[in-house]
Amino acid sequence: MRYVSTRGGVAPQTFTQILLGGLCADGGLAMPETYPQVGAAELAAWRNLSYAELAYEILHKFCDDIPAADVKALCAKTYTKATFRTEAITPVKTLEPGLHILELSNGPTLAFKDMAMQLLGNLFEYVLATDGGQINILGATSGDTGSSAEYALRGKRGVNVFMLSPLGKMSAFQTAQMFSLQDANIFNIAVRGVFDDCQDLVKAVNNDALFKKRQRIGAVNSINWARVVAQVVYYFRGYFAVTGSNDEEVSFAVPSGNFGNICAGHVARMMGLPIQRLILATNENNVLDEFFRSGRYRVRPSGEVAQTSSPSMDISKASNFERFAFDLVGRDADMVKRLWSKVDAGGEFNLAGTPYFANVKEYGFVSGCSTHADRLATIHRVYKEYGVMIDTHTADGLKVGLEQRRPGIPLICLETALPVKFAQTIREALGRDPDYPAGCEKLESLPQRFEVMDADADAVKAYIAGHTGL
Ligand SMILES: *Cc1c(COP(=O)(O)O)cnc(C)c1O
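Just so you know, these numbers come straight off a predicted model, no measurement behind them.

1. Let's talk about unusual backbone geometry
Reasoning step 1: The backbone of Arg85 shows a phi angle near 65°, a positive value even though the residue is not glycine.
Reasoning step 2: Looking at the element boundaries, Arg85 is found in the loop between helix H5 (81–84) and strand E3 (92–96).
Reasoning step 3: In the Ramachandran plot, Arg216 falls in the positive-phi region, its phi being about 50° despite a non-glycine side chain.
Reasoning step 4: The residue Arg216 is located in the loop between helix H10 (209–214) and strand E8 (217–218) in this model.

2. Overview of the site of the ligand
Reasoning step 1: Near the ligand there are 15 residues, and of these Lys113, Asp144, Gly257, Asn258 and Asn261 occur at the shortest range.
Reasoning step 2: Interatomic distance of 2.7 Å between a side-chain N/O atom of Asp144 and an oxygen atom of the ligand.
Reasoning step 3: At 2.9 Å, a side-chain N or O of Thr416 approaches a nitrogen atom of the ligand.
Reasoning step 4: Partitioned by chemical class, the residues of the shell around the ligand number five nonpolar, eight polar and two charged.

3. Details of the sheet that holds strand E9 (residues 250–255)
Reasoning step 1: Sheet architecture is open: six strands sit in the order E3-E4-E14-E9-E10-E13, paired in mixed fashion. Sheet topology places E3 and strand E13 (365–369) at the edges, where each strand pairs with a single neighbour. Each neighbouring strand pair of the sheet contributes to a mean axis angle of 25°, computed without reference to strand direction.
Reasoning step 2: Against the sheet, helix H18 (residues 392–404) engages E3, strand E4 (99–103), E9, strand E10 (275–282), E13 and strand E14 (411–415), with an angle of about 130° to E10.

4. Section: helix H6 (residues 113–131)
Reasoning step 1: Taking 1.5 Å of rise per residue, the 19 residues of H6 would be expected to cover 27 Å, and the 27 Å separating its terminal C-alpha atoms lies within 8% of that figure.
Reasoning step 2: Counting buried residues along H6, 15 of its 19 residues qualify, which places the element largely inside the surrounding structure.
Reasoning step 3: Just beyond H6, the residue with positive phi is Gly132, at close to 65°.

Conventions adopted
Residues numbered from 1 in each chain as written. Predicted model: local features only at pLDDT ≥ 70, side-chain atom pairs only at ≥ 80, totals over all residues. Heavy atoms only, no water. Helix = DSSP H or I, 4+ residues; strand = E, 2+ residues; numbered from the N terminus. Near = heavy atom within 4 Å. Polar contact = N/O pair within 3.5 Å; in protein donor to acceptor, adjacent residues only side chain to side chain. Nonpolar A, V, L, I, M, F, W, Y, C, P; charged D, E, K, R; others polar. Pairing = 2+ DSSP bridges. Axes fitted to C-alpha atoms, helices over the stretch in contact; angles between N-to-C directions. Contact = heavy atoms within 4.5 Å. Expected span 1.5 Å × (residues − 1). Buried < 20%, exposed > 50% of the residue type's maximum accessible area, 1.4 Å probe, protein only.

In structure tokens form, the structure reads like this:
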């Protein structure tokens, strides 16, 4: 399996070559040259595999430059009951016949990002151990990404994590999750500023090429291909859980931000999984809904990004969307380059009226938008009718999923976080506190370890250099 850039400017690379990198050298995103096809016999054979076994079957098709036995061992080590609190790893909760929730939030940080990040942590450690290397992960987070990266990389040999977050802006639970980690390789930096300041600092540090090289700065952001591919696995699992045979179709509803989660659904569908619809839900920040409805892709200036009660979907642009666009335009890299030269310059493009946009339907995509009022109403109704408490992001997905599903086709709504992470909105919707999963009750009273800093790139660089020994 080789990987090409969506912008066509780099020679094909192997999986391990793209694993530790971010953007391709030409600014594009890595994509597999072709999608491995899963035939009827293979799909039937996969139906009764454990999560770890299924993960191996899917992943090794995408990383055939890692010995199969090692991929198998990495999957077995990652997808355990000890880490994900259930044997099934991603159990399905059925609300009523034909309406299901796929639980993806039983990992250490109670959000779906653990599904991929836990594997990525083990992959990093494996690859670095093979070449004796070291990597210093620098990231910015407004909540979920940072904590799932820290829990995946804590204590890993050869890896340090420097995570910037806006001081006092994350929920109490998210803050406690990150800052209570006492591992020597985890460095929490609370920046006096907002999330955008943190992102700008990461950019500024990365723009210093010499520093970046000397300090071996890396990233685990959402464009990482290994994260996307690890997420493909649970689409297959969800499908098997709600169907009795492999000629049935299902639809998935996916609360979307950076388009990483639903991109994995697109890959699963391209591999041959019988998915009828991929239902994309946005919150008030509806960049993606606007595209799928009208063909217009308009990135928002950061001042136009609303702070919502499903904060992990508050995005100005959807960084993985370029991957889908590459397929949509028939893998014409020159076309992607042309479109994104406008996006990268702060502009927009519009595919309305083109044959490309007419193809969106063939890829199964439909979309919708959910607001704060919708979120509250959905959380309330699901709790009242089914006795199930869902979080704000999952509520966005469910709301749009119900609008866009077709009769007779089972709908699987992806649960992307647990309600405890967003207690304030749960109280607003239900007039009560969310349930605390076992083992998390004391989290907010544990001692916290973090460094407070001004939004000053030189100070951040000095801090990193002072802690890496490089
Ligand atoms: C990251 C996140 C999302 C958005 O996922 P994308 O892959 O960025 O589309 C949705 N919900 C929660 C809880 C998240 O943490």
